[in-house]
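So the chains spell out like this:
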Amino acid sequence: MVSIQKPTISSQNPDKLGRFGQFGGKYVPETLMPALKELETAYHQYRDDLSFRAELINLLTDYVGRPSPLYFAERLSEHYRRPDGTGPQIYLKREDLNHTGAHKINNALGQVILAKRMGKQRIIAETGAGQHGVATATACARFGLECIIYMGIHDMERQSLNVFRMKLLGATVQPVTAGTGTLKDATSEAIRDWVTNVETTHYILGSVAGPHPYPMLVRDFHAIIGQETRRQAQEKWGGLPDILLACVGGGSNAIGLFHEFLDEPTVRLIGVEAAGEGVNSPKHAATLTRGQVGVLHGAMSYLLQDEEGQVIEAHSISAGLDYPGVGPEHSYLKDTQRAEYYSVTDEQALKAFEQISRLEGIIPALETAHAFAYLETLCPQLEGCPRIVINCSGRGDKDVQTVAKQMNQL
Ligand SMILES: *Cc1c(COP(=O)(O)O)cnc(C)c1O
């Protein structure tokens, strides 16, 4: 049985203007301000509403399959064991076992139920890898809502299977040809649609990015990942994890795991970004490692940009990490040094993809493989037997073709 607890902490919410320190805020056209206000008001009204919570909890249990297991990765832990018998104990939070194969359904369902209460019959969303599009199309099918998914044409080619899935689920996939035809451009188009159709439409943003209240709202719908982890850790070893590890695109799966532990100073929080072909090459998506502060899609955060402040194209082998921005709360956690952020290359991620498949019989998403790849750097630095929880954010079925192609080229 799933129980959604109230967050055990309260000090981590954005201020009245929706800011985490200097990050976040609402940098949007005037026409969107009432819609953001309406969303914020509705969210505050329903987040503690018993019938809203009951509906969400029931669906998370019987439809999504929560709670997701906390699995001890025995052979992976063994792989990093030192000659003296010590070494990290590695656990996987199995979000890959959720319905639709990733963490994204937690947020999509939460927002669809919220939209329904707000009387919005038309849902729009952006998607990069197609995972958020699939999760949104799934939740809309479940509730019989109209669903339009904006997707860059380049991503539509890379993720044709997910395009078909969304169509099968009854969604309209709207190709976006602007810019580089990737997630950034799809997000801009979705925002444009929202400005035009704001009365009838709810925009389901897919990560902890965008204007306030999205970074808070999306985080709260994913916070169940960390809440379950706390309870499962208590059951399994009677304590807290020592290290939490997650990949960071926009940052939703990472913050979903971290949030519950932000006020636990003994728990180390590590986010792993995509370094693509290397952070010193022009082709990477290491926003927190290499970006500068700027404004994109309604929020202030670290961004990949040129000297004139123009946002530049991100690159990663994984479409889900291929975004030049990052959620504002992660920028805040970086600056306050509460969380650490590192990056791994396409090549390292591919190696981990293969390694985890063979060691654990789990084919991770390419996004998730970035978190696993960082173990190669992290584990040799550790002493004793710390317990590491990796957010296994999604499964790799969708990436098998991409990886097969890459392997022939390597
Ligand atoms: C979308 C996605 C990500 C990246 O998004 P975040 O908002 O950073 O979590 C990571 N893993 C999987 C499996 C995804 O589908």
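(A) Up close: the overall build of the chain. Helix and strand counts for the chain come out as 17 helices and 14 strands. Taking 2.2 N^0.38 as the reference for a compact globule, 410 residues should give roughly 22 Å; the C-alpha atoms of the chain span a radius of gyration of 20 Å, in line with that estimate. Seen along its three principal axes, the alpha-carbon backbone of the chain occupies a region of about 65 × 50 × 40 Å. Among the 410 residues that make up the chain, the fraction classed as buried is 61%. Put simply, 75% of the contacts in the chain that link residues at least 6 apart link residues at least 24 apart. Of the accessible surface of the chain, which amounts to about 16000 Å², a share of 50% is contributed by carbon and sulfur atoms. Across the chain, 39 positive and 47 negative side-chain charges occur, with their mean positions spaced 4 Å apart.

(B) Examining the site of the ligand more closely. For the ligand, the set of nearby residues contains 17 residues, the closest of which are Lys104, Ser207, Gly249, Gly251 and Ser252. Between the ligand and Ser207 there is a distance of 2.6 Å, counted from an oxygen atom to a side-chain nitrogen or oxygen. With respect to the ligand, the backbone of Gly250 contributes an N or O atom lying 3.2 Å from an oxygen atom. If the ligand stood free it would expose 380 Å²; the protein chains cover 97% of that surface. Here the residues of the shell around the ligand sort into 4 nonpolar, 11 polar and 2 charged.

(C) The sheet that holds strand β13 (residues 339-345), seen in detail. Spatially, 6 strands are ordered β3-β4-β14-β9-β10-β13 in an open sheet, and the strand pairing comes out mixed. For this open sheet the edge positions go to β3 (70-72) and β13, each flanked by a neighbour on one side alone. Across this sheet, the average inter-strand angle for adjacent strands is 25°, counted without regard to direction. When strand β9 (residues 243-247) meets strand β10 (residues 268-276), the two strands line up parallel, connected through 5 bridges. Residue Leu244 lies in a different strand from β10, and its bridge partner there is Leu269. Here helix α15 (residues 366-373) sits on the sheet in contact with β4 (89-93), β9, β10, β13 and β14 (387-391), set at roughly 145° to β9.

(D) Broad picture of the packing of helix α2 (residues 50-64) against helix α4 (residues 104-117). At a minimum axis distance of 10 Å, the contact between α2 and α4 shows a crossing angle of 145°. Judged by the sense of rotation from one axis to the other, the crossing of α2 with α4 is right-handed. In contact with Ser51, Phe52, Glu55, Leu56, Leu59, Leu60, Tyr63 and Val64 of α2, α4 contributes Ile105, Asn106, Leu109, Gly110, Ile113, Leu114, Lys116 and Arg117. For the contact of α2 with α4, the residue count by class is 10 nonpolar, 3 polar and 3 charged.

(E) Structural view of the sheet that holds strand β5 (residues 122-127). Strands sit in the order β7-β6-β5-β8 across an open sheet of 4 strands; the sheet is parallel. In this open sheet, the two strands that pair with only one neighbour each are β7 (172-176) and β8 (201-204). Within the sheet, the average angular offset between the axes of one strand and its neighbour, ignoring direction, is 25°. Where β5 meets β8, 4 bridges bridge the pair, whose relative direction is parallel. The residue bridging Ile123 from the neighbouring strand is His202, located in β8.

(F) Region of the structure containing helix α7 (residues 160-168). Those residues of α7 that sit buried are Asn162, Val163 and Met166. The buried side chains of α7 occupy one side of the element, clustering within an arc of 105° when seen end-on. For α7, the exposed residues lying more than 90 degrees away from the buried face are Phe164 and Leu168. Along its buried surface, α7 packs onto β5, α5 (131-143), β6 (146-152), α6 (153-158) and β7. Taken from the residues just after α7, Gly170 is the one with a positive phi, measuring 95°.

(G) How the structure looks around the side chain of Thr229. Counting through the fold element by element, Thr229 comes out in helix α10 (residues 224-237). On the accessibility criterion, Thr229 (0% relative accessible area) is buried. Not counting residues up to four positions away in its chain, the partners in contact with Thr229 are Leu70, Lys93, Pro241, Leu257, Phe261 and Val389.

(H) Local environment of the packing of α5 against α7. Between α5 and α7, the shortest axis-to-axis distance is 9 Å and the interhelical angle comes to 10°. Classified by the angle between their axes, α5 and α7 sit roughly parallel to one another. Crossing hand, α5 versus α7: left-handed. Here Gln131, Gly133, Val134 and Ala137 of α5 lie close against α7, whose contacting residues are Asn162, Arg165 and Met166. For the contact of α5 with α7, the class distribution of residues is 3 nonpolar, 3 polar and 1 charged.

(I) The side chain of Thr201, seen in detail. Among the structural elements, Thr201 can be located in strand β8. Judged by relative accessible area, Thr201 falls into the buried class, the value being 1%. Looking at Thr201, its side chain comes within polar contact range of the main-chain oxygen of Asn197, at 3.0 Å. What Thr201 contacts, discounting residues up to four positions off in sequence, is Lys120, Arg122, Ile124, Asp193 and Trp194.

(J) Highlighting the pattern of salt bridges. The tally for this structure, following the rule as stated, stands at 25 salt bridges. Salt-bridge contacts for Lys116 lead to Glu55; the nearest nitrogen and oxygen are separated by 3.1 Å. Note that Lys116 is positioned in helix α4 and Glu55 in helix α2, a separation of 61 residues in sequence. A salt bridge links Arg158 to Asp322, with the nearest nitrogen and oxygen atoms 2.9 Å apart. Taken together, the residues Arg158 in helix α6 and Asp322 in the loop between β12 (299-303) and α13 (328-335) connect sequence positions 164 residues apart. With relative accessibility at 7%, the residue Asp322 sits in the buried group. Bridged by salt links that share partners, the residues Arg47, Arg219, Asp220 and Glu329 form one connected network.

Calculation notes
- Residues numbered from 1 in each chain as written.
- Predicted model: local features only at pLDDT ≥ 70, side-chain atom pairs only at ≥ 80, totals over all residues.
- Heavy atoms only, no water.
- Helix = DSSP H or I, 4+ residues; strand = E, 2+ residues; numbered from the N terminus.
- Rg over C-alpha atoms; globule rule 2.2 N^0.38 Å.
- Buried < 20%, exposed > 50% of the residue type's maximum accessible area, 1.4 Å probe, protein only.
- Contact = heavy atoms within 4.5 Å.
- Areas by Shrake-Rupley, 256 points an atom, 1.4 Å probe, with all protein chains shown as cover.
- Lys, Arg positive; Asp, Glu negative; His and termini not counted.
- Charge placed at Lys NZ, Arg CZ, Asp CG, Glu CD.
- Near = heavy atom within 4 Å.
- Polar contact = N/O pair within 3.5 Å; in protein donor to acceptor, adjacent residues only side chain to side chain.
- Nonpolar A, V, L, I, M, F, W, Y, C, P; charged D, E, K, R; others polar.
- Pairing = 2+ DSSP bridges.
- Axes fitted to C-alpha atoms, helices over the stretch in contact; angles between N-to-C directions.
- Left-handed = near helix turned anticlockwise from the far one by under 90°.
- Arc of directions from axis to C-beta.
- Parallel < 35°, antiparallel > 145°, perpendicular 65-115°, else oblique.
- Salt bridge = Lys/Arg side-chain N within 4 Å of Asp/Glu carboxyl O.

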